Amino acid sequence: MPPSRPDYEDDRRQRIAKTRRAAIAALGPLIIYLLLRRVVGTDTVALAITAALPTAWVVIMFVWRRKVEWIGVLVVTIFLVVMGLTVLSGGSSLPLKLRNAGFAGALGLICVISVLARRPLPILLLQIRARRDPDLADGLERMSHNKPLLRTLAVITGLVGITLLVSAAVQTMLALTLSTTEFVGSTPVVRWIIYATGAVPIVWYVRRHPLRRAPGPDGGGGGPPVPTTPPAGAS
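**Student:** Is there a simple way to think about the overall build of the chain in this case?
**Tutor:** The number of helices and strands found in the chain is nine helices and two strands. Residues counted as buried form 31% of the 235 residues belonging to the chain. A fraction of 56% describes how many contacts in the chain between residues 6 or more apart in sequence connect residues 24 or more apart. For the chain, the computed accessible surface area is about 15,100 Å², with 67% contributed by carbon and sulfur atoms.

**Student:** Just to check I follow, could you spell out helix α7 (residues 134–143) for this structure?
**Tutor:** Because the α-helix completes a turn every 3.6 residues, residues three or four places apart line up on one side. The complete set of buried residues in α7 reads G139, L140 and M143. Across the axial projection of α7, the buried residues extend over an arc of 100°, all falling on one side. Each element contacted by the buried residues of α7 is listed here: α6 (121–130) and α8 (147–177).

**Student:** Just to check I follow, could you spell out a nonpolar patch on the surface for this structure?
**Tutor:** Together, I32, V39, V40, V45, I49 and L53 make up a nonpolar patch on the protein surface, roughly 460 Å² of accessible area in all. Those elements giving two or more residues to the nonpolar patch turn out to be α1 (5–40) and α2 (43–65). Of note, V39 is situated in helix α1.

**Student:** Would you take a moment to explain the side chain of T163 for this structure?
**Tutor:** In this fold, T163 is placed in helix α8. Residue T163 is classed as buried on the basis of its relative accessible area, which comes to 13%. The contacts of T163, once residues within four sequence positions are left out, are I194, Y195 and G198.

**Student:** What am I meant to see in the packing of aromatic side chains here?
**Tutor:** Any two aromatic rings considered together are summarised by their centre-to-centre distance and by the angle between their planes. Evaluated as defined, the whole model comprises zero aromatic pairs. When the ring centre of F183 is taken as origin, the NZ or CZ atom of K97, which lies over that ring, is 5.6 Å away.

**Student:** For this particular structure, what's the right way to read a negative patch on the surface?
**Tutor:** Negative charge collects at one region of the surface, where D133, D135, D138 and E141 lie side by side. Within the secondary structure, E141 is located in helix α7. For E141, a relative accessible area of 47% gives the class partly exposed.

**Student:** Please clarify how unusual backbone geometry should be interpreted in this entry.
**Tutor:** Most of the time, phi is negative for any residue but glycine, and the peptide bond is trans. A positive phi angle, near 60°, is found at R118, a position not held by glycine. Residue placement: R118 occurs in the loop between α5 (99–116) and α6.

**Student:** What should I look at first to understand the confidence of the model for the chain in this one?
**Tutor:** Where the model shows low pLDDT, its predicted coordinates should not be examined in detail. Residue-level pLDDT values for the chain average 77, and 76% of them are 70 or greater. Mean pLDDT across the elements of the chain ranges from a minimum in strand β2 (residues 225–227), with 48, to a maximum in α5, with 92. Low confidence marks residues 213–224, where pLDDT is under 50. Its contacts with residues over four positions away, or in another chain, come to 20 contacts. Note that pLDDT drops below 50 for residues 226–235; the model gives that stretch 18 contacts with residues more than four away or on any other chain.

**Student:** Explanation requested: the environment of L116 in the structure shown.
**Tutor:** Mapped onto the elements, L116 comes out in helix α5. On a C-alpha basis, the gap between L116 and A154 in space is 8.9 Å, while along the polypeptide they are 38 residues apart.

**Student:** Please explain the environment of I113 as it appears in this structure.
**Tutor:** Mapping I113 onto the fold places it in helix α5. Judged by relative accessible area, I113 falls into the partly exposed class, the value being 48%.

**Student:** Would you take a moment to explain the layout of surface pockets for this structure?
**Tutor:** Any space left empty among the atoms is revealed by the rolling of a water-sized probe across them. By volume, the second largest pocket amounts to about 220 Å³. K67, V68, E69, W70, L125, I128, R129 and R132 are the residues that line the second largest pocket. The dominant element in the lining of the second largest pocket, judged by the number of residues it contributes, is α6, at three residues.

**Student:** So what exactly am I meant to see when it comes to the packing of α6 against α7 here?
**Tutor:** Packing of α6 against α7 brings their axes to within 8 Å, and their N-to-C directions diverge by 145°. Taken as a pair, α6 and α7 cross one another with a handedness that is left-handed. On α7, the residues touching I123, L126, Q127, R129 and A130 of α6 are P134, L136, A137, L140 and M143. Its residues placed into classes, the contact of α6 with α7 shows eight nonpolar, one polar and one charged.

So, how was this worked out
- Residues numbered from 1 in each chain as written.
- Predicted model: local features only at pLDDT ≥ 70, side-chain atom pairs only at ≥ 80, totals over all residues.
- Heavy atoms only, no water.
- Helix = DSSP H or I, 4+ residues; strand = E, 2+ residues; numbered from the N terminus.
- Buried < 20%, exposed > 50% of the residue type's maximum accessible area, 1.4 Å probe, protein only.
- Contact = heavy atoms within 4.5 Å.
- Areas by Shrake-Rupley, 256 points an atom, 1.4 Å probe, with all protein chains shown as cover.
- Arc of directions from axis to C-beta.
- Patch = residues over 30% accessible without salt bridge, like charges linked within 9 Å, V, L, I, M, F, W, Y side chains within 5 Å.
- Salt bridge = Lys/Arg side-chain N within 4 Å of Asp/Glu carboxyl O.
- Phe/Tyr/Trp six-rings, centres within 6.5 Å; stacked < 30°, edge-to-face > 60°.
- Lys NZ or Arg CZ within 6 Å of the ring centre and 35° of its normal.
- Lys, Arg positive; Asp, Glu negative; His and termini not counted.
- Charge placed at Lys NZ, Arg CZ, Asp CG, Glu CD.
- pLDDT = per-residue confidence, 0-100.
- 1 Å grid on protein atoms, 1.4 Å probe; cavity = no way out; pocket = protein on both sides within 12 Å on 5 of 7 lines; lining within 4 Å.
- Points joined across faces, edges and corners; volume = space filled by probe spheres on them.
- Axes fitted to C-alpha atoms, helices over the stretch in contact; angles between N-to-C directions.
- Left-handed = near helix turned anticlockwise from the far one by under 90°.
- Nonpolar A, V, L, I, M, F, W, Y, C, P; charged D, E, K, R; others polar.

This is the structure we're talking about:
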């Protein structure tokens, strides 16, 4: 049955909004950098201001929500480290060009290490939140005995980590070989290509191991979702 007209219009508006946000994310830094470059006259200052804007937004969200998120702390920390390296290097733009690579590399490394330590990052974050949520703690206790689900989370976390590390390596190579203007203009597109490519094996794996509801304590379907492996010979 085809979707109703209102549903179709809602989907269309959502697709347009997502496309607009993606275009802003890709072109916004380049436009801001080029405008600032004409005003301040140096690559380093223009790039520093461009990098400071999203960092300032993270800090504003901290104050507005009165809540500190670890991912935001990582963003702010990397920005401060990069600014310190820029000052120590005599105003070189290279540390600023490596800011996004540093973020991707740090997050990718965290993902990979969490998998190697057999504590995938999503589980670790849920455990931190569960300290203040008894219901979530009970769900995690049941999940800890669900080996297929833990294996799926480990695989997905590892693939995300590898994708982020590849992105960091490619961005570092571009930072060392391209001019600042070329780098700022090309890296958003390169990142999207890498992330889209990295999503392919994740989607493939999830489809090969679909999630189903595990039986709850009462025998019903109230338990956490678990992956199921297709039977031998199934296509």
